[in-house]
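# Summary of structural features
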There are 2 protein chains.
Amino acid sequence: MGLAGIKDVADRAGLSIATVSRALSGKANVSPKSRQLAKAAAAELGFVPSYHASSLASGRNHNVGLVVPSVHRWYFSSVVEGVSGALLDAGYDLTLYNVGDEPERRQIVLNDFLLRKRLDAVIAVALVLSEAEIQQLLAIHRPIVGIGGALAGASTIRIDDARLARTATEHLIGLGHTRIAHITGDGELNRDFKLPGIRRAGFEAAMAAAGHRVRPEWTVSADFTIQGAYASARTLLATATERPTAVFAASDEMAIGTILAARDFGLRVPQDLSVIGMDGHELGEVVGLTTINQDPRGQGALAARLLLETLDAGAKRRTKGAPPAPEATDREYPTEFLVRSSTAVPPV
Amino acid sequence: MGLAGIKDVADRAGLSIATVSRALSGKANVSPKSRQLAKAAAAELGFVPSYHASSLASGRNHNVGLVVPSVHRWYFSSVVEGVSGALLDAGYDLTLYNVGDEPERRQIVLNDFLLRKRLDAVIAVALVLSEAEIQQLLAIHRPIVGIGGALAGASTIRIDDARLARTATEHLIGLGHTRIAHITGDGELNRDFKLPGIRRAGFEAAMAAAGHRVRPEWTVSADFTIQGAYASARTLLATATERPTAVFAASDEMAIGTILAARDFGLRVPQDLSVIGMDGHELGEVVGLTTINQDPRGQGALAARLLLETLDAGAKRRTKGAPPAPEATDREYPTEFLVRSSTAVPPV
DNA sequence: ATGAAAGCGCTAACAG
DNA sequence: CTGTTAGCGCTTTCAT
């Protein structure tokens, strides 16, 4: 009990190591009877193959790396759940790299961890990688897929943030709003994470197209959390005169923070203030948030499935020179506009 | 470039493979000059060691497994962040097992994934493992540490949930409340996760000690999310007559859901209803939630550090029979009672 | 269909 | 201090 090698299984089954290996890994050229024998012996001994040995010998790791800025944020943990589920079902391990804010940590992960040949593939979420960094990864023959971020040369799954931000803003404009504020991301975040800028550009494009003025003092930034946006929104809404009639927050979390802040000032949503977000946070339901639902969990699951397909297809080619034809596809993931009760016509 | 083995480095440095191995892994018995040579050659070739080969040969994996019910929930993602940071700093990989609700998945993770000998240790969060399951893990000579859950025979880091729940309830009682409701966890959750029951017991003990009646209809359950508790709290607070004057929610998320529900009914917190939670969710600040702050991130980091120490100490003993003296310590992590503005004396 | 044998890339005694 | 020699536990040709 406890430790049992393939050798033990072979002995117990009265077969050779080679046959047991083939039998257990579902390969062809094994008689039904031998396969039975091998499986029985393995079960009896509680045999679990050493993945190190098997990886070393076969070149397949059954392990994919997932790089995220912070699992503590809603969007990323959603993606992680999606990726995790798909991987677990396929018998793959998931190695998580929670890189956080510090650039050094990002460097270490990119230059050391990811290159240790332990991973069959890597999924990078909302991470802006340089062409060189991507090449470095591709150089070790590992497919990469990006979620929610632009990865030149690698496959990506994403939504069209610019267009959707524009759509969200247009919803407000369509209701008759002209005095619209925007909550965007912090400068801090923009470094490796240019999404706030993209959504902001969408907002500004919609405003410009409608001929509405974007007031600089009505574009405030926060850290993409409820509490951060709450604080920013309080500042935004503090002055009763010259108050916007609507807010487009660059994320649902920030939209929710805004709604909480509005309530503090006695502002009714949507009668006094309309608020729209983006992403599809579960909490949006509770506060009746109008939003555009992207399904990060689904995106994660899709990314994992695509990767697994690629890996199954490419089988083994470890020593070979050519990358497993990444074929860099860029898919747009479907979204859903959810009109709930946080948006309405502006007050008269 | 791209692929370079230790052999290439040895050739380039004019040293033997063995010396290069020693030099690069910082071992003793290498002349400064040789070490320099080896490092230079490695750098020039962009050599990154294969962890499979190295693990297979040395028995050390530089990889710890982390098992959590759901990274999507605040508490768990906090722990993951803590563990991740400590591990990354130590050069360790983190393999994440997000087991979710399905018992089958839990089984698979426990019986297959964790036994694949890829892990040096495992951290299990809020997971109730049977003695047999723990023994199975210990049998493969891997230390286990549990966070927030009872693991017979393994080391654990946890808070005294029963006592703290009691303390929280007593805070309410001390303010003069007698009509106190409790929001506990779903039956669903109780299966592998008996924390709700423990906190509930603490609540009931405090009530009994004070001679207050625990009304069955005032103990409602939810799924430990804001939105779930919001729904449950709406039911609880719906009837204006016979309404509790205070609520002790078994988690901050549920306390926040309760506060949101209260607002919907026009109830002011704390004037009309006092609410107290437990855990230390960041969002608690925004709504002024009185709570008991446990620092899950810190707990995760601590668990990881303890494990790393054990691993460094035990060095190698792969083939040896005896476990690396787990010495099953059970530490209580410090907490902090945070009185904010969601609790006050009951309405007259 | 099966077994023998040759590694996968590195570490760890063991001699020098 | 350094090189030589065995493996770590599997997978995989290659014969049979």
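Residues numbered from 1 in each chain as written. Chains lettered and ligands numbered in written order. Predicted model: local features only at pLDDT ≥ 70, side-chain atom pairs only at ≥ 80, totals over all residues. Heavy atoms only, no water.

### Notes on helix α2 (residues 17–24) of chain A
Residue and element names in this part refer to chain A.
- Within α2 the residues assigned to the buried category are Thr19, Val20 and Ala23. With its buried residues spanning 100° around the axis, α2 presents them on a single face.
- Buried residues along α2 sit against α1 (6–13) and α3 (32–45).
- At the exit of α2 stands glycine 26, carrying a positive phi of roughly 65°. (Buried < 20%, exposed > 50% of the residue type's maximum accessible area, 1.4 Å probe, protein only. Helix = DSSP H or I, 4+ residues; strand = E, 2+ residues; numbered from the N terminus. Arc of directions from axis to C-beta. Contact = heavy atoms within 4.5 Å.)

### Describing the protein's contact with DNA strand D
- What surrounds DNA strand D is a group of 25 residues, the closest being Ser21(A), Lys27(A), Thr19(B), Ser31(B) and Ser34(B).
- By atom count, sugar and phosphate contribute 66% of the portion of DNA strand D lying within 4 Å of the protein.
- Note that a phosphate oxygen of DNA strand D is positioned 3.4 Å from one of the side-chain N or O atoms of Asn29(B).
- One nitrogen or oxygen atom from the main chain of Ser31(B) is found 2.8 Å from a phosphate oxygen belonging to DNA strand D.
- Taken together, the residues of the surface near DNA strand D sort by class into 11 nonpolar, 10 polar and 4 charged. (Near = heavy atom within 4 Å. Polar contact = N/O pair within 3.5 Å; in protein donor to acceptor, adjacent residues only side chain to side chain. Nonpolar A, V, L, I, M, F, W, Y, C, P; charged D, E, K, R; others polar.)

### Topic: unusual backbone geometry
- Cis geometry is found at the peptide bond from Val269(A) to Pro270(A), where omega equals 10°.
- With respect to the element layout, Pro270(A) can be found in the loop between α12 (252–264) and β9 (274–276).
- Backbone geometry at Phe224(B) places phi at a positive 75°, although glycine is not the residue there.
- Here Phe224(B) lies in the loop between β7 (219–222) and α11 (226–238).

### Describing the protein's contact with DNA strand C
- Close to DNA strand C lie 26 residues; Ser16(A), Asn29(A), Ser34(A), Ile6(B) and Ser21(B) are nearest.
- Counting only the atoms of DNA strand C that lie within 4 Å of the protein, the sugar and phosphate share comes to 67%.
- Here Lys27(B) contributes a side-chain N or O atom positioned 3.2 Å from a phosphate oxygen of DNA strand C.
- Residue assignment for the surface near DNA strand C shows that the elements contributing at least two residues are α2 and α4 (51–58) of chain A together with α2 (17–24) and α4 (51–58) of chain B.
- Of the residues that constitute the surface near DNA strand C, the class distribution is 12 nonpolar, 10 polar and 4 charged.

### A few points about the sheet that holds strand β7 (residues 219–222) of chain A
All names here are of chain A.
- The strand order across the open sheet built from 4 strands is β7-β6-β8-β9, with neighbouring strands paired in parallel fashion. Every other strand in the sheet has two partners, leaving β7 and β9 as the edge strands with one partner each. Pairwise comparison of adjacent strand axes, ignoring direction, gives a mean angle of 20° for this sheet.
- Strand direction decides the pairing type here: strand β6 (residues 180–185) and β7, joined by 4 bridges, are parallel. Counted as the bridge partner of glycine 185 is alanine 222 from β7.
- The strands touched by helix α10 (residues 195–210) within the sheet are β6, β7 and β8 (246–249), with β6 carrying the most contacts at an inclination of about 165°. (Pairing = 2+ DSSP bridges. Axes fitted to C-alpha atoms, helices over the stretch in contact; angles between N-to-C directions.)

### Overview of the sheet that holds strand β6 (residues 180–185) of chain B
Residues and elements named next belong to chain B.
- Here we have 4 strands laid out as an open sheet, ordered β7-β6-β8-β9, and parallel in their pairing. Two strands bound the open sheet, and with one partner strand each, they are β7 and β9 (274–276). Each strand of the sheet is rotated relative to its neighbour by a mean of 20°, with strand direction disregarded.
- Packing of helix α8 (residues 161–174) onto the sheet brings it into contact with β6, β8 (246–249) and β9, and relative to β8 it is tilted by some 170°.
- Each of β6, β7 and β8 is contacted by α11, which is oriented at about 155° to β7, the strand it contacts most.

### A few points about the environment of Phe265(A)
All names here are of chain A.
- Within the element layout of this structure, phenylalanine 265 appears in the loop between α12 and β9.
- Taking the C-alpha atoms as reference, phenylalanine 265 lies 8.2 Å from arginine 234; in sequence the two are 31 residues apart.
- The residues touching phenylalanine 265, leaving out its near neighbours within four places in the chain, are Arg234, Leu237 and Ala238.

### Some details on the side chain of Ser77(B)
- In this fold, Ser77(B) is placed in helix α5 (residues 74–89).
- We classify Ser77(B) as buried; its relative accessible area is 2%.
- If near-sequence neighbours (up to four positions away) are discounted, Ser77(B) is found in contact with Val71(A), His72(A) and Val71(B).

### A look at the packing of aromatic side chains
Residue and element names in this part refer to chain A.
- A full pass over the atoms with the stated rule returns 6 aromatic pairs over all chains.
- An angle of 80° between the planes, with centres 5.3 Å apart, marks the rings of tyrosine 75 and phenylalanine 76 as edge-to-face. Of the two residues, tyrosine 75 and phenylalanine 76, neither departs from the other in class, the shared state being buried.
- Centre to centre, the rings of tyrosine 97 and phenylalanine 113 are 5.6 Å apart; their planes meet at 70°, and the pair counts as edge-to-face. (Phe/Tyr/Trp six-rings, centres within 6.5 Å; stacked < 30°, edge-to-face > 60°.)

### Regarding the domain arrangement of chain A
- In terms of domain boundaries, chain A breaks down into domain 1 (3–58), domain 2 (63–159 + 296–334) and domain 3 (161–293).
- Relative placement of domain 1 of chain A and domain 2 of chain A: their C-alpha centres are 31 Å apart. (Domains from an automatic or database assignment.)

### Focus on the interface of chain A and chain B
- Counting from both sides, the interface comprises 53 residues of chain A and, opposite them, 53 residues of chain B.
- Here chain A and chain B share an interface that buries about 5,000 Å² over both sides, 58% of which is from carbon and sulfur atoms.
- Between Asp89(B) and Arg105(A) there is a salt bridge; the shortest N-O distance is 2.8 Å.
- Linking chain A with chain B are 32 residue pairs in polar contact (both at pLDDT 80 or more), by the criterion used here.
- At the level of elements, α4, α5 (74–89), β2 (93–98), α6 (103–111), α11 (226–238), α12 and α13 (283–287) of chain A are the ones that each hand at least two residues to the side of chain A that touches chain B.
- Considering each element in turn, the side of chain A that touches chain B owes the most residues, 9 residues, to α5(A).
- By residue class, the composition of the side of chain A that touches chain B is 24 nonpolar, 19 polar and 10 charged. (Buried area = accessible area lost by both parts, 1.4 Å probe. Salt bridge = Lys/Arg side-chain N within 4 Å of Asp/Glu carboxyl O.)

### A look at the pairing of strand β4 (residues 144–147) of chain A
All names here are of chain A.
- Alternating residues of β4 divide into Ile144 and Gly146 and Val145 and Ile147, and every residue in both groups is buried.
- Here strand β3 (residues 121–125) pairs with β4 via 4 bridges, running parallel. Bridging from a neighbouring strand, isoleucine 123 pairs with valine 145 of β4.
- Of the strand pairs in this sheet, β4 and strand β5 (residues 155–158) are connected by 3 bridges, and their pairing is parallel. Across the sheet, residue glycine 146 finds its bridge partner in β5, namely threonine 156.

### Topic: the confidence of the model for chain A
- For chain A, the mean per-residue pLDDT works out to 90, and 94% of the residues sit at or above 70.
- Contacts from residues 316–324 of chain A, a stretch scored under 50 in pLDDT, to residues over four places away or in other chains number 17 contacts. (pLDDT = per-residue confidence, 0-100.)

### Overview of the relation of the copies chain A and chain B
- With an RMSD of 0.2 Å, the operation that places chain A on chain B is a rotation of 180° combined with a shift of 0.1 Å along the axis. The superposition of one copy onto the other is thereby described by a two-fold rotation axis.
- Both copies contact each other with a shared surface, as 98% of the interface residues of chain A are interface residues in chain B too. (Least-squares fit on C-alpha atoms with pLDDT ≥ 70 in both.)

### Overview of the nonpolar core
- Judged by nonpolar contacts, the single largest core of 152 residues is most densely connected at Val125(A) and Val125(B).
- Excluding residues that lie within four positions of it along the chain, Val125(A) makes contacts with Leu66(A), Val67(A), Val68(A), Pro69(A), Tyr75(A), Phe76(A), Val79(A) and Ile147(A). (Core = buried A, V, L, I, M, F, W, Y, C linked by side-chain atoms within 4.5 Å.)

### A few points about the pattern of salt bridges
- All told, the structure shown has 35 salt bridges over all chains when counted by the stated rule.
- For Arg200(A), the salt bridge is made with Glu204(A), and the minimal N-O distance between the two is 3.1 Å. Taken as a pair, Arg200(A) and Glu204(A) lie in helix α10 at a separation of 4 residues, close to a single helical turn.
- Overall, the relative accessible area of 30% leaves Glu204(A) in the partly exposed class.
- Here the salt bridges share partners, and the residues they tie into one network are Asp93(A), Arg116(B) and Arg118(B).

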